[in-house]
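Given next are the chains, with one letter for each unit.
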Amino acid sequence: MKQALHLQLKSFVNLPSFAVAPRRNLRVGTSISFRVRTMGSKDSKRLLSNSSLPVSLEDKKEKKLKGLVGTNSTSEKENGVKSSSVVFERFKEDPARIETMTVQELRATLRSVGVPAKGCKRDLVNALKCFAEKKIDGKTSLTVEEQASFSAENISVKCKDKDFSKEDCVEDVNTDLEVPGLPQHKGRVKKSATEGSINKFNTKRVTKKQNLSIRCDEGSGGMVLEAKRTVSSKIIHEVVNADKGVMPVIQTEPWTVLAHKKPQKGWIPYNPKTMRPPPLTRDTRYMKLMSWNVNGLRALLKLEGFSALQLSQREDFDVLCLQETKLQEKDVENIKQCLIDGYENSFWSCSVSKLGYSGTAIISRVKPLSVRYGLGISDHDSEGRLVMAEFDSFYLLSGYVPNSGDGLRRLSYRVTQWDPTLSNYMKELEKSKPVILTGDLNCAHEEIDIYNPAGNKRSAGFTDEERQSFGTNFLSRGFVDTFRRQHPGVVGYTYWGYRHGGRKNNRGWRLDYFLVSESIADRVYDSYILSDVGGSDHCPVGLVLKL
């Protein structure tokens, strides 16, 4: 038996050329094993062949790298090219050889050339045959389409070189962002760069489609993935410059992704970067109005990272209307001392029936002609829900409409008393000047104005009673929803609940409006939503009115 094995080895192995690396070159924990099959096995030649031995130091190294291609040593590259070429030349001479390979051998061979090795034996055989045919022709191309969901909060990328060269693995991704940020988990992504500094960056959960174009690089002895990056939705591309590398980072803008339970044909998400008109020239007379439910003004001003000065400089508004300030009358003077230079005119209405509740304000760099507080009816004016300022060409109302509350306990009061009274007050003002009502009106008027209409039929802000009252008391009486007129079929939200990551997922409501008299609707140049401004569960809305 020993003699038979000796003869078998002689017939299949060129002993003078078969050498084992010296012990000093072997790493700790590395072992070499030889498999000898009985005489007559079709696989014995291939398993013991020096040119196609599936178990080697470099193979193990490649398995550890899990698909990262290219090596640092020139001799290693040359050996890899030679081994790969001989293997596929043998496949060319005897294509049936692939059919006789075991699943483990098929996977080892596919992984050694950088091809995904997943699926049953038939899938592996077909993949290897396809790759072998194209390899023999002198080029290799492989298209892989995969749906992959990943969630990473702190992704560590190790890199050594300053720039990623052509020999590195470059991924071609066509990314369709379908779901903005979801609850995240920690994960790591490995790139084809060697050890070095670690860059950390945040990503959101996305669903992506990948098209990988792979070609054979004979010079590097491995596979090179080449690509361009295109993104279907509007995203911010940022480049992080590290000490030893440059890495692209994508941050999603959730509001640019259509989020709705029952989207209709033709609906699109609101994107202020692409849907707002260019700024008006200096020779055009206009006023820029902004409104914001701040959900507690003192808390907002203390919020780390928020800057009222930066917001005013960026938006350059003439008038800022606030709702839900939650101030008491004793707080107003201190707040006035903190106002930004140029906005000396401010008018505040605070709740007296329930302290630290509700509250509205108008802050302006244009001095109004007159100011009024409330509706003039004591039953409605104890919660500080309305401030009116008269300007040369219109009346401006900053309003905070009562919420129907838990269990809809205030629904009847809201639709039978508050809404009709406010509507009549506006029509009375309209007799002398056009009227603009802005603020948190606590109603998503249409299904397009709420992420989940079916699930909120009896939720405060989307009941049939509130929606009908909104139409009857305001829209049907000649007041125009400026955002909806300018953007029909556009999904834009102004409020997101804190629970369930509403803002990260863009699952919101449009509760904040600018309603204007029909007589000045044509002078509205822009009605917009500032979805990127945080600090509250609402975001600001704006109006540019030509004078």
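Residues numbered from 1 in each chain as written. Predicted model: local features only at pLDDT ≥ 70, side-chain atom pairs only at ≥ 80, totals over all residues. Heavy atoms only, no water.

- With an unreviewed UniProt entry as reference, the chain is termed DNA-(apurinic or apyrimidinic site) endonuclease, source organism Carya illinoinensis.

Overview of the pattern of salt bridges
- Evaluation of the coordinates by the stated rule reveals 26 salt bridges.
- Taking the shortest distance from any N to any O, the salt bridge between Glu324 and Lys326 comes out at 3.9 Å.
- The residue Arg510 makes a salt bridge to Asp449 at a minimum N-O spacing of 2.9 Å. Taken as a pair, Arg510 in the loop between β21 (490–491) and β22 (512–517) and Asp449 in the loop between β19 (435–440) and α13 (464–473) lie far apart in primary sequence, 61 residues in all. Judged on exposure class, the residue Arg510 and its partner Asp449 are both buried. (Salt bridge = Lys/Arg side-chain N within 4 Å of Asp/Glu carboxyl O. Helix = DSSP H or I, 4+ residues; strand = E, 2+ residues; numbered from the N terminus. Buried < 20%, exposed > 50% of the residue type's maximum accessible area, 1.4 Å probe, protein only.)

Some thoughts on the packing of aromatic side chains
- For the structure shown, the criterion picks out 6 aromatic pairs.
- When the ring of Tyr270 is compared with that of Phe483, the centres are 5.2 Å apart and the planes differ by 75 degrees; the resulting orientation is edge-to-face. Here Phe483 lies in helix α14 (residues 482–486) and Tyr270 lies in the loop between β11 (268–269) and α7 (272–275), a separation of 213 residues in the sequence.
- Tyr270 sits in the buried class, given a relative accessible area of 1%.
- A ring pair is formed by Phe317 and Tyr343, whose centres lie 5.2 Å apart and whose planes are at 45 degrees; its orientation type is tilted. One end of the pair, Phe317, is in the loop between α9 (308–315) and β13 (319–323); the other, Tyr343, is in the loop between α10 (332–337) and β14 (345–349), and 26 residues separate them in sequence.
- According to the relative accessible area criterion, Tyr343 is buried, its value standing at 6%.
- One aromatic cluster is present, formed by Phe470, Phe474 and Tyr513 through successive ring pairs. (Phe/Tyr/Trp six-rings, centres within 6.5 Å; stacked < 30°, edge-to-face > 60°.)

A look at the nonpolar core
- Residues Leu289, Leu322, Trp348 and Ile436 are the most contacted members of the largest nonpolar core, which totals 56 residues.
- Excluding its chain neighbours within four sequence positions, the residues that come into contact with Ile436 are Leu289, Phe394, Tyr395, Leu396, Leu397, Phe514, Leu515, Val516, Ile520, Leu543 and Leu545. (Core = buried A, V, L, I, M, F, W, Y, C linked by side-chain atoms within 4.5 Å. Contact = heavy atoms within 4.5 Å.)

Some remarks on helix α5 (residues 103–112)
- All buried positions along α5 are accounted for by Glu105, Leu106, Ala108, Thr109 and Leu110.
- Looking one or two residues beyond α5, the residue adopting positive phi is Gly114, at roughly 80 degrees.

A short note on the pairing of β14
- Among the 5 residues of β14, 5 are classified as buried, and the element is accordingly described as predominantly covered.
- Residues of β14 alternate between two faces, with Asn345, Phe347 and Ser349 on one and Ser346 and Trp348 on the opposite face, all of them buried.
- The sheet contact formed by β14 and strand β15 (residues 360–364) spans 5 bridges and is antiparallel. Paired with Asn345 across the strands is Ser364, a residue of β15. (Pairing = 2+ DSSP bridges.)

What to know about the UniProt feature "active site" (unreviewed entry) in the chain
- Under the present numbering, the feature "active site" (unreviewed entry) in UniProt falls on Tyr400, Asp440 and His538. Sequence-wise these annotated residues cover 139 residues; spatially they are packed, their C-alpha atoms never more than 12.7 Å apart.
- Mapping Tyr400 onto the fold places it in strand β18 (residues 395–400).
- Residue classification places Tyr400 among the buried residues on the basis of a relative accessible area of 9%.
- Those residues in contact with Tyr400 that lie beyond four places of it in its chain are Asn293, Gln323, Glu324, Ser358, Thr360, Arg385, Trp418, Asp440 and Asn442.
- A polar contact of 3.3 Å, which involves the side chain of Tyr400, links it to the side chain of Glu324.
- Other than its neighbours up to four places away in sequence, His538 contacts Trp292, Asn293, Asp440, Thr494, Tyr495, Arg503, Leu511, Asp512 and Val533.
- Among the polar contacts made by the side chain of His538, one reaches the side chain of Asp512 at a distance of 2.8 Å. (UniProt positions renumbered as here; feature names shortened; annotations may be inferred. Polar contact = N/O pair within 3.5 Å; in protein donor to acceptor, adjacent residues only side chain to side chain.)

Considering the packing of helix α12 (residues 411–429) against α13
- Where α12 contacts α13, the axes come no closer than 10 Å and their chain directions differ by 10 degrees. Relative to α13, the element α12 is oriented roughly parallel. Residues Leu411, Arg414, Val415, Asp419, Pro420 and Ser423 of α12 pack against Glu465, Glu466, Ser469 and Asn473 of α13.
- Split by residue class, the contact of α12 with α13 holds 3 nonpolar, 3 polar and 4 charged. (Axes fitted to C-alpha atoms, helices over the stretch in contact; angles between N-to-C directions. Parallel < 35°, antiparallel > 145°, perpendicular 65-115°, else oblique. Nonpolar A, V, L, I, M, F, W, Y, C, P; charged D, E, K, R; others polar.)

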